[in-house]
Amino acid sequence: MKNPPLQQSIDQQSSQAVVLDDPNLSEVVVTLDNVSFGYSYKKLILKDLNLTIRQGEILTLLGPSGCGKSTLLNLIAGFYKPLSGLITHGDEVIKAPANKRGVVFQGNALFDWMTVEQNIGFGFRFQKLPKTESRFRVRQIIDLVGLAGSEKKYPYQLSGGMRQRVAVARSMVVHPEVLLMDEPFAAVDVQTREGLQEELLKLHDQVSGAILFVTHSIEEAVFLSDRIIVLDRDCRGIFEEIKVHLPSPRWSAMNRISEEFNQYRTQLYLKLKELG
Amino acid sequence: MLLKTAWRSARPKGRVQDLQSQALREKLTILGVSILIPLAILVAWELTTRLGWVDPLFLPSLSEIVAEFWAMVTKGYAGTSLLSHIFISLQRVYIAFFVGTVIGLLLGLLMGYYKYIRAAFYLVTEVLRPIPPLAFITLFILWFGIGEVSKVMIILYAGALIVMLNTMAGVQACPKEKILAAYTLGANDLAVFLYVILPAALPSIFTGMRVALSVDFGILVAAELLAGDQGLGYLIHDASTFFNVEALFVGIFLIGFFGLLSDVVLRVLSNRVVHWQGH
Ligand SMILES: Nc1ncnc2c1ncn2[C@@H]1O[C@H](COP(=O)(O)OP(=O)(O)O)[C@@H](O)[C@H]1O
Ligand SMILES: [Mg+2]
């Protein structure tokens, strides 16, 4: 692909220019600095977008279908390059996928020819980690997500919820600094989804990387997030940002029925209504 | 049929045993009809021919065919033992199938993976694809002589093309999410190819191999019909010229038998290798 002229604005200096908008907040992991992107030059999907992902937070992207949430996530993953602007991870410009940025898709991403165990351990094939250590971590995460007893099963023998558990575990086990999740629970039934959300929060508590979560479910966003960003249509950028404070432990089912939860939900509902 | 079975098994049943015995009954029935019907056809064949309802010149009785088969086993056919006829045919088809599969596999993987190679060969394969391989037989004889090479080459070509197209399709059909997931877990291009794209393409590769093998048997017979003095195709051709209908049927049955046997072997192998799809 021919680089557009705007690409030339990418240089080392601007990658240094990480500004924390709030000194009390923890360190920034990923920064999007005036990022524009389109699949063709004719139609931009994202325009001059600024966004930061901070260490250890769960940040959720909400927004109408087609507003560019997946596109944004794919850009951060390194699957595409921005037409202009800069995406940095730490002090490194993101140019390609790397295992410090995990990705969980909506489905279809497990290796059908590998067992649960082999799927989860896949990332360790490319790391110089002692066998005993990697085995221990695979073992541990299998227990954590409730896959014990299914280690030797193949994906076709698992339910949809179990498969997503494997996908999450496979990405989490290598301890990425950021985990990018694109509607990972959208294809499972409501009960299973709630269980998966609670497990994700517990896993996050243990592994402690940042998570960028894309969903179209307001409830899911409120339950999971420390911060929610609502994206506008037609590349108008960020429409609203909301910080969520709910009592610990976050995975407590009480949080789903609390008054605060309802307030956040109503607030977001009205915001999304405004977008139409 | 499928719908009806689904509906029936969805009905509430009294006990677990009922369900189990019903499943067993279904299995036995399927096994039964799959054996009984072919058997019935053979019996009907034997009866109609024995009773003289059909002219034996058009359709000899089974027993006559078996007798002819036995005569061939003991005395050979056209100066060559039956085993040699079988052996030479199988040798041709298996060598061609094996080499063709290797070539088709390599080309298919390259074409599936590299879009430039795919583009380079796109027109060639699209033009070749609809041409029946047999259209090339005289050309192949001209190029490679009337002997073994031209026969093996035409079979090889036919099979390789099929394996190549299926392999290419399999590589291209690998879900993007799997490839991207592997990259985000730290895999490089080679690892993604070996651990993700290749296994994802295996079901399609095996399908291609099975189609190729059955096509190869067809091309074998045709190639041997046209030229040569040995092999099952030659046997059929020779028997036809002399109106030896019994021998003709022996040839036909032998080809059917070895074609089926080869496919069963390949199917078992395929199910062993591609075991992750369930049933
Ligand atoms: N691979 C692609 N090629 C071209 N256009 C795309 C591609 N993926 C998405 N788009 C377009 O980009 C826009 C944003 O898509 P996407 O990021 O998937 O939205 P969201 O995830 O918010 O629903 C949509 O208009 C969609 O049609
Ligand atoms: Mg999307």
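Preceding this section is the structure that the text describes.
This one's a predicted model, so the numbers in the text were calculated from it and none came from an experiment.

Trainee: Mind showing me how you'd approach the overall build of chain B here?
Mentor: For chain B, the count of helices and strands is 11 helices and 0 strands. Each helix (α) and strand (β) of chain B, taken in turn from the N terminus, gives the series α-α-α-α-α-α-α-α-α-α-α. Its C-alpha atoms give chain B a radius of gyration of 24 Å, clearly above 19 Å, the size a compact globule of 279 residues would have. Among the 279 residues that make up chain B, the fraction classed as buried is 40%. Relative to all contacts within chain B whose residues are 6 or more apart in sequence, the contacts with residues 24 or more apart total 70%. As displayed, chain B offers around 16100 Å² of accessible surface, 72% of which is attributable to carbon and sulfur atoms. Of the side chains in chain B, 19 bear a positive and 16 a negative charge, and the two mean positions are spaced by 16 Å.

Trainee: What's the story with the layout of surface pockets in this structure? I'm lost.
Mentor: Taken as a whole, the largest pocket encloses approximately 810 Å³ of empty space. Surrounding the largest pocket, 25 residues form its lining, K115(B), K176(B), I179(B), L180(B) and Y183(B) being those nearest its centre. Counting only elements with at least two residues in the lining of the largest pocket, the list comes to α4 (82–113), α5 (115–128), α7 (148–172), α8 (176–184) and α9 (189–226) of chain B. Counting residues per element, the lining of the largest pocket draws most heavily on α8(B), which supplies 5 residues. Class assignment for the residues of the lining of the largest pocket results in 15 nonpolar, 4 polar and 6 charged. Taken as a whole, the second largest pocket holds about 400 Å³ of empty space. Together, 14 residues line the second largest pocket, and G121(A), K131(A), S134(A), R135(A) and V138(A) are the ones closest to its centre. When contributions to the lining of the second largest pocket are tallied by element, the ones reaching two or more residues are α3 (116–121) and α4 (131–144) of chain A.

Trainee: So what exactly am I meant to see when it comes to a nonpolar patch on the surface here?
Mentor: Together, L24(B), L28(B), L31(B), I35(B), L36(B), L39(B) and L42(B) make up a nonpolar patch on the protein surface, roughly 680 Å² of accessible area in all. Of note, L31(B) is situated in helix α2 (residues 16–50).

Trainee: Got a minute to help me understand the sheet that holds strand β10 (residues 238–243) of chain A in this structure?
Mentor: Residues and elements named next belong to chain A. The strand order across the open sheet built from 6 strands is β6-β7-β8-β3-β9-β10, with neighbouring strands paired in mixed fashion. The open sheet terminates on both sides in strands that have one partner only, identified here as β6 (101–104) and β10. For this sheet, the mean inter-axis angle between neighbouring strands, taken without regard to orientation, is 15 degrees. Taken together, the 5 bridges between strand β7 (residues 178–182) and strand β8 (residues 210–214) define a ladder with parallel strand orientation. Counterpart to D182 in the pairing with β8 is V214. Helix α2 (residues 69–77) contacts β3 (58–62), β6, β7, β8 and β9 (227–231) of the sheet and is inclined by roughly 150 degrees relative to β7. Here helix α5 (residues 160–172) sits on the sheet in contact with β6, β7 and β8, set at roughly 175 degrees to β6.

Trainee: Explanation requested: the site of ligand 1 in the structure shown.
Mentor: Residues and elements named next belong to chain A. Lining the immediate environment of ligand 1, one finds Y39, I45, S65, G66, C67, G68, K69, S70, T71 and Y80. The contact in question runs from an oxygen atom of ligand 1 to an N or O atom on the backbone of G68, over 3.1 Å. Between K69 and ligand 1, the recorded distance is 2.8 Å, taken from a backbone N or O atom to an oxygen atom. Considered on its own, ligand 1 offers 560 Å² of accessible surface; in the complex 59% of this is hidden by protein. Tallied by class, residues from the shell around ligand 1 come to 4 nonpolar, 5 polar and 1 charged.

Trainee: Sorry, what's going on with the pairing of β7(A) here?
Mentor: Remark: a regular strand shows side chains that alternate across the two faces of the sheet. All names here are of chain A. Here β7 lies mainly inside the structure; 5 of its 5 residues are buried. Of the two faces of β7, the one lined by V178, L180 and D182 and the one lined by L179 and M181 are each fully buried. One ladder, built from 4 bridges, connects β6 with β7; its direction is parallel. Counterpart to V103 in the pairing with β7 is L180. In this region the chain leaves β7, passes through helix α6 (residues 190–207) and returns to the parallel neighbour β8; the handedness of that crossover is right-handed.

Trainee: Would you mind going over the packing of α7(B) against α9(B) with me for this structure?
Mentor: Think of two packed helices as two axes; the pair is described by the angle between the axes and how far apart they sit. All names here are of chain B. The interhelical angle for the contact between α7 and α9, taken along N-to-C directions, is 155 degrees, at an axis separation of 7 Å. Judged by the inter-axis angle, α7 sits roughly antiparallel to α9. Both α7 and α9 take part in a crossing whose hand is right-handed. By residue class, the composition of the contact of α7 with α9 is 16 nonpolar, 6 polar and 3 charged.

Trainee: I would appreciate a short explanation of the nonpolar core in the present structure.
Mentor: By size, the foremost hydrophobic cluster in this structure holds 116 residues, and its most contacted members are I120(A), M172(A), M181(A), L200(A) and V222(A). Of the residues forming this core, the biggest block, 17 residues, is contributed by α9(B). When residues of this core are assigned to domains, at least three fall in each of domain 1 (5–100 + 176–275) and domain 2 (110–174) of chain A. Formed by 33 residues, the second largest nonpolar core is a distinct cluster that contains I53(A), A210(A), V214(A) and L231(A).

What counts and how
- Residues numbered from 1 in each chain as written.
- Chains lettered and ligands numbered in written order.
- Predicted model: local features only at pLDDT ≥ 70, side-chain atom pairs only at ≥ 80, totals over all residues.
- Heavy atoms only, no water.
- Helix = DSSP H or I, 4+ residues; strand = E, 2+ residues; numbered from the N terminus.
- Rg over C-alpha atoms; globule rule 2.2 N^0.38 Å.
- Buried < 20%, exposed > 50% of the residue type's maximum accessible area, 1.4 Å probe, protein only.
- Contact = heavy atoms within 4.5 Å.
- Areas by Shrake-Rupley, 256 points an atom, 1.4 Å probe, with all protein chains shown as cover.
- Lys, Arg positive; Asp, Glu negative; His and termini not counted.
- Charge placed at Lys NZ, Arg CZ, Asp CG, Glu CD.
- 1 Å grid on protein atoms, 1.4 Å probe; cavity = no way out; pocket = protein on both sides within 12 Å on 5 of 7 lines; lining within 4 Å.
- Points joined across faces, edges and corners; volume = space filled by probe spheres on them.
- Nonpolar A, V, L, I, M, F, W, Y, C, P; charged D, E, K, R; others polar.
- Patch = residues over 30% accessible without salt bridge, like charges linked within 9 Å, V, L, I, M, F, W, Y side chains within 5 Å.
- Salt bridge = Lys/Arg side-chain N within 4 Å of Asp/Glu carboxyl O.
- Pairing = 2+ DSSP bridges.
- Axes fitted to C-alpha atoms, helices over the stretch in contact; angles between N-to-C directions.
- Near = heavy atom within 4 Å.
- Polar contact = N/O pair within 3.5 Å; in protein donor to acceptor, adjacent residues only side chain to side chain.
- Right-handed = clockwise from strand over helix to strand, strands pointing away.
- Parallel < 35°, antiparallel > 145°, perpendicular 65-115°, else oblique.
- Left-handed = near helix turned anticlockwise from the far one by under 90°.
- Core = buried A, V, L, I, M, F, W, Y, C linked by side-chain atoms within 4.5 Å.
- Domains from an automatic or database assignment.

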